[in-house]
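What follows is each chain in one-letter form.
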Amino acid sequence: MTTPATGPTSPTSPTTPLAQRPVALVDLLDRLLAGGVVVVGDLTLRIADVDLVRIDLRALISSVSENVPSPWEEP
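Scoring rules and cut-offs
Residues numbered from 1 in each chain as written. Predicted model: local features only at pLDDT ≥ 70, side-chain atom pairs only at ≥ 80, totals over all residues. Heavy atoms only, no water. Helix = DSSP H or I, 4+ residues; strand = E, 2+ residues; numbered from the N terminus. Buried < 20%, exposed > 50% of the residue type's maximum accessible area, 1.4 Å probe, protein only. Contact = heavy atoms within 4.5 Å. Areas by Shrake-Rupley, 256 points an atom, 1.4 Å probe, with all protein chains shown as cover. Pairing = 2+ DSSP bridges. Salt bridge = Lys/Arg side-chain N within 4 Å of Asp/Glu carboxyl O. Patch = residues over 30% accessible without salt bridge, like charges linked within 9 Å, V, L, I, M, F, W, Y side chains within 5 Å.

Chemist: For this particular structure, what's the right way to read the overall build of the protein chain?
Modeler: What the protein chain contains, in helices and strands, is one helix and four strands. Taken from N to C terminus, the helices and strands of the protein chain fall in the order β-β-α-β-β. The proportion of buried residues among the 75 residues of the protein chain is 5%. In the protein chain, 15% of the contacts between residues at least 6 apart in sequence involve partners at least 24 apart. About 7,000 Å² of surface is accessible on the protein chain, with carbon and sulfur atoms providing 61% of the total.

Chemist: Got a minute to help me understand the pairing of strand β3 (residues 37–47) in this structure?
Modeler: Working note: regular strand, side chains alternate between the two faces of the sheet. For β3 and strand β4 (residues 50–61), the ladder comprises 11 bridges, and the chain directions are antiparallel. Looking at β4, one finds that Leu 43 is bridged to Ile 55. Following β3, the chain reverses through two residues before pairing antiparallel with β4; Ala 48 in that reversal takes a positive phi of roughly 55 degrees.

Chemist: Looking at this structure, how should I read the pattern of salt bridges?
Modeler: Side chains that differ in charge, positive against negative, can pair when their charged atoms come close. Overall, the coordinates contain three salt bridges when judged by the stated rule. The salt bridge involving Asp 51 is made with Arg 46; its shortest N-O contact spans 2.8 Å. A salt bridge links Asp 56 to Arg 54, with the shortest nitrogen-to-oxygen separation between them at 3.4 Å. Judged by its relative accessible area of 40%, Asp 56 falls in the partly exposed class.

Chemist: Could you clarify how one ought to interpret helix α1 (residues 25–35) in this entry?
Modeler: Because an α-helix packs 3.6 residues into every turn, residues spaced three or four apart end up facing the same way. A small share of α1 lies buried, amounting to zero of its 11 residues. Just beyond α1, the residue with positive phi is Gly 36, at close to 95 degrees.

Chemist: Help me out: how do you make sense of a nonpolar patch on the surface in this one?
Modeler: Judged by side-chain polarity, Val 23, Leu 25, Leu 28, Leu 29, Leu 32, Leu 33, Val 39, Leu 57 and Ile 61 come together as a nonpolar surface patch covering roughly 730 Å² of accessible area. Listing elements by their share of the nonpolar patch, those giving two or more residues are α1 and β4. Among the elements that take part in the nonpolar patch, α1 stands out by supplying five residues, more than any other. Relative to the helices and strands, Leu 57 is located in strand β4.

Chemist: Just to check I follow, could you spell out unusual backbone geometry for this structure?
Modeler: Of note in the backbone geometry, Ala 48 takes a positive phi value of approximately 55 degrees without being a glycine. Positive phi is not limited to glycine here, since Asp 49 has a value of about 60 degrees. In this fold, Asp 49 is placed in the loop between β3 and β4. Taking the relative accessible area as the measure of exposure, Asp 49 reaches 69% and is therefore exposed.

Structure (structure tokens):
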């Protein structure tokens, strides 16, 4: 990849757009868990417009830090 002003650039140079930078899966998971991820989903099994099974999923996935106290500990 080349740019007119600076010549060849590496895939991780500051001028490379984020969408084109390679990211390892471990780094991506680390970034997501540092901020937390919320997963929400609804699944309904329906036959002839009759709901037979309904599953609602709501999950918060986050990293754990020793600096944040547990909500289940007694003060």
